[in-house]
Amino acid sequence: MIRHIVLTKFRSDVTEETIGKIYKGLSDLTDALPGAGGFTGGRSESPEQIERGYKHVFVIDFDDWAALASYQSNERHKALGAQLVENTVGGIDGILVLDLEV
């Protein structure tokens, strides 16, 4: 299984409502794609408070690398990714992506 972890540093003027809509779109997409599931996302509530501005995160589990590749090439994913970039600090610099084989 591949765990896809995305940390986002949203601009201060971006509302939680906007973030919620983007994450809802990603959750719906995850539900629609074969080999994808387990979308979890939201705002950090860490008592350590060392997020360094990356206050939001989402995680998606994929059956294998091929399922992740299918997600990455999906047009809905590309549109939602563009919304993320548009709303984060420094565009793509406000996004961290980690993929772990678990």
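These numbers were taken from a predicted model, which means no experiment stands behind them.

Draft legend 1. Helix 1 (residues 16-32), seen in detail. Compared with an ideal rise of 1.5 Å per residue, which puts 17 residues at 24 Å, helix 1 spans 24 Å between its outermost C-alpha atoms and is within 8% of the ideal. Considered for burial, the residues of helix 1 that qualify are Ile-19, Ile-22, Tyr-23, Gly-25, Leu-26, Ser-27, Leu-29 and Thr-30. If you follow the buried residues of helix 1, they end up packed against strand 1 (2-8), strand 2 (36-43), strand 3 (56-62), helix 2 (65-73) and helix 3 (75-87).

Draft legend 2. View of the nonpolar core. Of all hydrophobic cores here, the largest spans 21 residues; its most connected members are Tyr-23, Leu-26, Phe-58, Ile-60, Phe-62, Tyr-71 and Leu-84. Of all the secondary-structure elements, those providing two or more residues to this core are strand 1, helix 1, strand 2, strand 3, helix 2 and helix 3. If sequence neighbours within four positions are ignored, Leu-84 has contacts with Thr-8, Phe-10, Ile-22, Tyr-23, Leu-26, Phe-58 and Ile-95.

Draft legend 3. The pairing of strand 1, seen in detail. Of all seven residues in strand 1, five are buried; the element is thus mostly enclosed. Of the strand pairs in this sheet, strand 1 and strand 3 are connected by seven bridges, and their pairing is antiparallel. Across the sheet, residue Thr-8 finds its bridge partner in strand 3, namely His-56. Bridge analysis of strand 1 against strand 4 (residues 95-101) gives seven bridges, and the strand direction is antiparallel. Looking at strand 4, one finds that Ile-2 is bridged to Glu-101.

Draft legend 4. Structural detail: the sheet that holds strand 2. The strand order 2-3-1-4 describes an open sheet built from four strands, whose pairing is antiparallel. Edge strands, defined here as strands with exactly one partner in the open sheet, are strand 2 and strand 4. The average angle at which neighbouring strand axes cross in this sheet is 15°, direction not considered. Across the sheet, helix 1 is in contact with strand 1, strand 2 and strand 3; its angle to strand 2 comes to roughly 170°. Against the sheet, helix 2 engages strand 1, strand 3 and strand 4, with an angle of about 125° to strand 3.

Draft legend 5. Fine view of the packing of aromatic side chains. The full count for this structure, using the stated rule, is five aromatic pairs. Centre to centre, the rings of Tyr-23 and Phe-58 are 5.3 Å apart; their planes meet at 75°, and the pair counts as edge-to-face. Pair noted here: Tyr-23 is in helix 1 and Phe-58 is in strand 3, with a separation of 35 residues, a long-range link. Exposure remark for Tyr-23: the relative accessible area of 6% places this residue in the buried category. For Phe-58, a relative accessible area of 2% translates into the label buried.

Calculation notes
Residues numbered from 1 in each chain as written. Predicted model: local features only at pLDDT ≥ 70, side-chain atom pairs only at ≥ 80, totals over all residues. Heavy atoms only, no water. Helix = DSSP H or I, 4+ residues; strand = E, 2+ residues; numbered from the N terminus. Expected span 1.5 Å × (residues − 1). Buried < 20%, exposed > 50% of the residue type's maximum accessible area, 1.4 Å probe, protein only. Contact = heavy atoms within 4.5 Å. Core = buried A, V, L, I, M, F, W, Y, C linked by side-chain atoms within 4.5 Å. Pairing = 2+ DSSP bridges. Axes fitted to C-alpha atoms, helices over the stretch in contact; angles between N-to-C directions. Phe/Tyr/Trp six-rings, centres within 6.5 Å; stacked < 30°, edge-to-face > 60°.

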